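Chains, contacts and geometry: an overview
Below, each chain spelled out in residue letters.
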Amino acid sequence: MSRRVADLLVETLQASGVKTCYGIVGDTMNRIAHAIDRSQIDWVHVRHEEAGAFAAAAAASLTGRLTACAGTCGPGSLHFINGLYEANRNRAPVILIATQIVRQDLGFESIQEIDFDDVFKGCSVYCEMILTPEQARRKTVAACQAALTKRGVAVLVVPADVANAASHDEAPYAVHARRPLIRPSDADLDEIAAILNKSDGITIYAGAGCAGAHDEVVATAARLMAPVAHTSRGKDFLEYDNPYNVGMTGIIGGGAGYHAVLDCNVLLLLGADFAWSQFYPNRATIIQIDIDPTHIGRRHPVAIGAVGNIKATLEALLPRLEQHEDDGFLVAHVKRFQKDVAAAKAETVSGPDAAISGTYLTKVINKYAAEDALFAADDGTATVWMLRHIDTGGKRRTFASLLHGTMAGGMASALGLQKCQPGRQVICLAGDGGFAMLLGDLLTTVQENLPIKIVVYDNGKLGFVEIEQKAAGLVPVYTDLKNPDFGEVAKAMGLWGDSISKAGDLEEAVQTWLAQPGPAVLHVKVNPMQLVMPPSPLVAPEAVVGMAVYSARAMLHGKGHDVWEMMVENIP
């Protein structure tokens, strides 16, 4: 038996563009692992499959290229699920080869038997088992094509006996993943233009669907004299070289973006699926354009919804738009944004022995990072500081679990980014909780010689969760973390490591850390009392009441010093 199904499967993956596969080998996937070893696909042996899925998701999101994971039957493949949800929600083309026990034992509650179709249907665009060797090529092609064209996760279940069987001659099925040009009809464009031409006080709210359409969005803003607010996922594509930019809205956004959206007469939603309905205007006319028809009007009622690629749609819409002359609405919001940015950049420390705030740490990293650096942040305060204080400049990219909202994605995503972009600087902004959760894969950076730079924001707690509890009027419980010296942990694992806690040491430490030729960990003790403040004057009444109740309860519990410190650190 010379050529097996495992060989055919790997050959098809390679032909579909797969360059890297993340996973852990085991009995049911040994034959596939050997086929990968003989191929041009690079195998990355992670320490936990969840990290492998996050890595694949980040690489696929950045490159648009099909990226693979592979796991053993039962428990091995189950470990991928959290990262696969991350990939699917970010429309990242990832394929999981989920190996299965032999077919004759299926259906008898055998050891490690899992119904993968049942498990993965919520986080995939395709999930099928290869039932016979004769199906192997056709189903592998179908899985790859689904991941690339539907932009999501494909799960291909491969029983061990099928992988080991002799391959059969099949018709030459191949992946076809050309993307069509999609834009609204001329009638729809005329209707949209008619509303925009007769309106003033227009705001553009743009999201990740505007990737590749920067110039067209800016040109539309210029034509309409419209401020451009952007979602957190739209940051990389819209904030640079954009004189109309007014930043983000929402709880982690700023006042300019918040008011530009809520105070407008017409809101033009472009490739944005922002989930929080309270940040949409109630009285404005809303026009929404999105490539996904299921996104139209699902967050807030809209007057007109049209389906189209943003770049192609704006190219067709711009000739229909009249030049607006009144720039009062635009200027007011841009000036507010510029004032807020200047205030944020003016942050200083009281002296060399002062504590380090998370925001100040992020601004120092922003200052010294490479102009094309890739940033991956853990969910929580690290993500907020990244989105608020890392300037992208059109060359940098930022990654975080913004749609799935899971912990532990930062370092694992950085692994995938560095693997697919070996010549670029990759920086992980890690929370102490998220970093510890998948700490074992710090060893993967050494094993794979991936020179990612990891900074640990050590506030000794699950900071975002604590803020949520305080906002609800609760004295925080179960949020404290007892952390080791992560710099020393890194050294024990074979990386460069250092730890600091004083502001006077920060700039030199950051420069030294970023200059390391290999993987490096900088452990920074940050101010545990710094809060994520919503855009002023937006503070939900229930949050105000909640904080007041928390303060009273904390005083009664003998934590008056904590309340005082929180007020000093967060109230100007």
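Please refer to the structure placed before this passage.
We now turn to the structure provided with this report. Quick caveat, the model's predicted, so the values are computed rather than measured.

1. Details of the nonpolar core
- Counting 51 residues, the largest nonpolar core has Leu-196, Ile-204, Val-217 and Leu-270 as its most contacted members.
- Excluding anything up to four places from it in sequence, Leu-196 contacts Ile-202, Leu-224, Val-266, Leu-268, Ile-287, Leu-317, Leu-321 and His-324.
- Among the nonpolar cores identified, the runner-up in size contains 48 residues, and Leu-417, Ala-430, Leu-450 and Val-521 belong to it.

2. Remarks on the pairing of strand E13 (residues 374-377)
- By the alternation rule, side chains of E13 split into Leu-374 and Ala-376 and Phe-375 and Ala-377, which are all buried.
- Sheet topology note: the E13/strand E14 (residues 397-399) ladder contains three bridges and is parallel. Bridge pairing in E14 links Ala-376 to Phe-399.
- In this view, the connection linking E13 to its parallel neighbour E14 by way of helix H16 (residues 381-389) has right-handed handedness.
- Bridge count between E13 and strand E15 (residues 426-431): four bridges; the pairing is parallel.

3. Here we look at the sheet that holds E15
- As summarised here, the arrangement of the six strands in space is E14-E13-E15-E16-E18-E17, forming an open sheet in which the pairing is parallel. The open sheet has two free edges, formed respectively by E14 and strand E17 (496-500), since each of these has just one partner strand. Strand-to-strand twist across the sheet, computed as the mean angle between neighbouring axes with direction ignored, equals 15°.
- With five bridges connecting them, E17 and strand E18 (residues 520-525) associate as parallel partners.

4. Details of H16
- The buried count for H16 comes to eight of nine residues, which makes it a mostly enclosed element.
- Looking only at H16, the buried set comprises Thr-381, Ala-382, Thr-383, Val-384, Trp-385, Met-386, Leu-387 and His-389.

5. What about the packing of aromatic side chains?
- In the structure shown here, the tally under the stated rule is six aromatic pairs.
- Here Tyr-205 and Phe-274 contribute two aromatic rings whose centre-to-centre distance is 5.7 Å and whose plane-to-plane angle is 75°, an arrangement assigned as edge-to-face. Remark: Phe-274 occurs in the loop between strand E10 (266-270) and strand E11 (285-290) and Tyr-205 occurs in strand E7 (residues 202-206); sequence separation between them is 69 residues. Side by side, Tyr-205 and Phe-274 carry an identical accessibility label, which is buried.
- Measuring from ring centre to ring centre gives 6.1 Å for Tyr-258 and Phe-279, while their planes differ by 75°; the resulting arrangement is edge-to-face. Within this pair, whereas Tyr-258 is found in helix H12 (residues 255-262), its partner Phe-279 is found in the loop between E10 and E11, the two being separated by 21 residues in sequence. Each member of the pair, Tyr-258 as well as Phe-279, is classed as buried.
- Within the aromatic cluster, the residues linked to one another by ring pairs are Tyr-205, Tyr-258, Phe-274, Phe-279 and Tyr-280.

6. Considering the pattern of salt bridges
- Applying the stated criterion across every chain, the model contains 26 salt bridges.
- The salt bridge involving Asp-186 is made with Arg-183; its shortest N-O contact spans 3.1 Å.
- Of the charged contacts in the structure, one is a salt bridge between Lys-525 and Asp-458, with a shortest N-O distance of 3.5 Å. Remark: Asp-458 occurs in strand E16 (residues 453-458) and Lys-525 occurs in strand E18; sequence separation between them is 67 residues.
- Judged by its relative accessible area of 44%, Lys-525 falls in the partly exposed class.
- In this structure, a network of salt bridges that share partners links the residues Arg-183, Asp-186, Asp-190 and Arg-320.

7. Some details on the environment of Glu-86
- Its location among the elements puts Glu-86 in helix H5 (residues 81-89).
- The buried category is assigned to Glu-86, whose relative accessible area is 8%.
- For the pair Glu-86 and Ser-401, spaced 315 residues apart in sequence, the C-alpha to C-alpha distance is 6.9 Å.

8. A word on the packing of helix H10 (residues 214-224) against helix H13 (residues 310-317)
- Here H10 crosses H13 at 35°, and the two axes come no closer than 9 Å. With respect to the hand of their crossing, H10 and H13 are arranged in left-handed fashion. When H10 is examined against H13, the residues Glu-216, Val-217 and Thr-220 are found in contact with a partner set consisting of Lys-311, Leu-314 and Glu-315.
- Taken together, the residues of the contact of H10 with H13 break down into two nonpolar, one polar and three charged.

9. Description of the environment of Ala-174
- The topology assignment puts Ala-174 in the loop between helix H8 (160-163) and helix H9 (186-197).
- Residue classification places Ala-174 among the partly exposed residues on the basis of a relative accessible area of 39%.
- The spatial distance from the C-alpha of Ala-174 to the C-alpha of Cys-144 is 9.3 Å, given a sequence separation of 30 residues.
- Here Ala-174 is in contact with Val-141 and Gln-145, once residues within four sequence places are set aside.

10. A closer look at unusual backbone geometry
- With a phi angle near 50°, Met-225 is a residue other than glycine that sits in the positive phi range.
- In this fold, Met-225 is placed in the loop between H10 and strand E8 (228-230).
- Overall, Met-225 belongs to the buried group, its relative accessible area being 18%.
- Positive phi outside glycine occurs at Ala-408, with the angle close to 75°.
- For Ala-408, the location among the structural elements is in the loop between E14 and helix H17 (409-420).

11. Considerations on the sheet that holds strand E9 (residues 245-247)
- Strand order in the open sheet made by the six strands is E9-E8-E7-E10-E11-E12, with parallel pairing throughout. At either margin of the open sheet sits one strand with a lone partner, and together these are E9 and strand E12 (304-307). Along the sheet, successive strands turn relative to each other by an average axial angle of 20°, direction set aside.
- Examined bridge by bridge, E7 and E10 share five bridges and lie parallel to one another.

12. Describing the pairing of strand E6 (residues 153-159)
- The buried fraction of E6 is high, at seven of seven residues.
- Every second residue of E6 is oriented toward a common face, with Val-153, Val-155, Val-157 and Pro-159 on one face and Ala-154, Leu-156 and Val-158 on the other, all of them buried.
- Inspection of the sheet shows strand E4 (residues 94-100) paired to E6 by seven bridges, in the parallel sense. Among the inter-strand pairings, Val-94 is bridged to a residue of E6, identified as Val-153.
- Pairing between strand E5 (residues 126-129) and E6: four bridges, direction parallel. The residue of E6 that forms the bridge with Cys-127 is Val-155.

Cut-offs used in this document
Residues numbered from 1 in each chain as written. Predicted model: local features only at pLDDT ≥ 70, side-chain atom pairs only at ≥ 80, totals over all residues. Heavy atoms only, no water. Core = buried A, V, L, I, M, F, W, Y, C linked by side-chain atoms within 4.5 Å. Buried < 20%, exposed > 50% of the residue type's maximum accessible area, 1.4 Å probe, protein only. Contact = heavy atoms within 4.5 Å. Helix = DSSP H or I, 4+ residues; strand = E, 2+ residues; numbered from the N terminus. Pairing = 2+ DSSP bridges. Right-handed = clockwise from strand over helix to strand, strands pointing away. Axes fitted to C-alpha atoms, helices over the stretch in contact; angles between N-to-C directions. Phe/Tyr/Trp six-rings, centres within 6.5 Å; stacked < 30°, edge-to-face > 60°. Salt bridge = Lys/Arg side-chain N within 4 Å of Asp/Glu carboxyl O. Left-handed = near helix turned anticlockwise from the far one by under 90°. Nonpolar A, V, L, I, M, F, W, Y, C, P; charged D, E, K, R; others polar.

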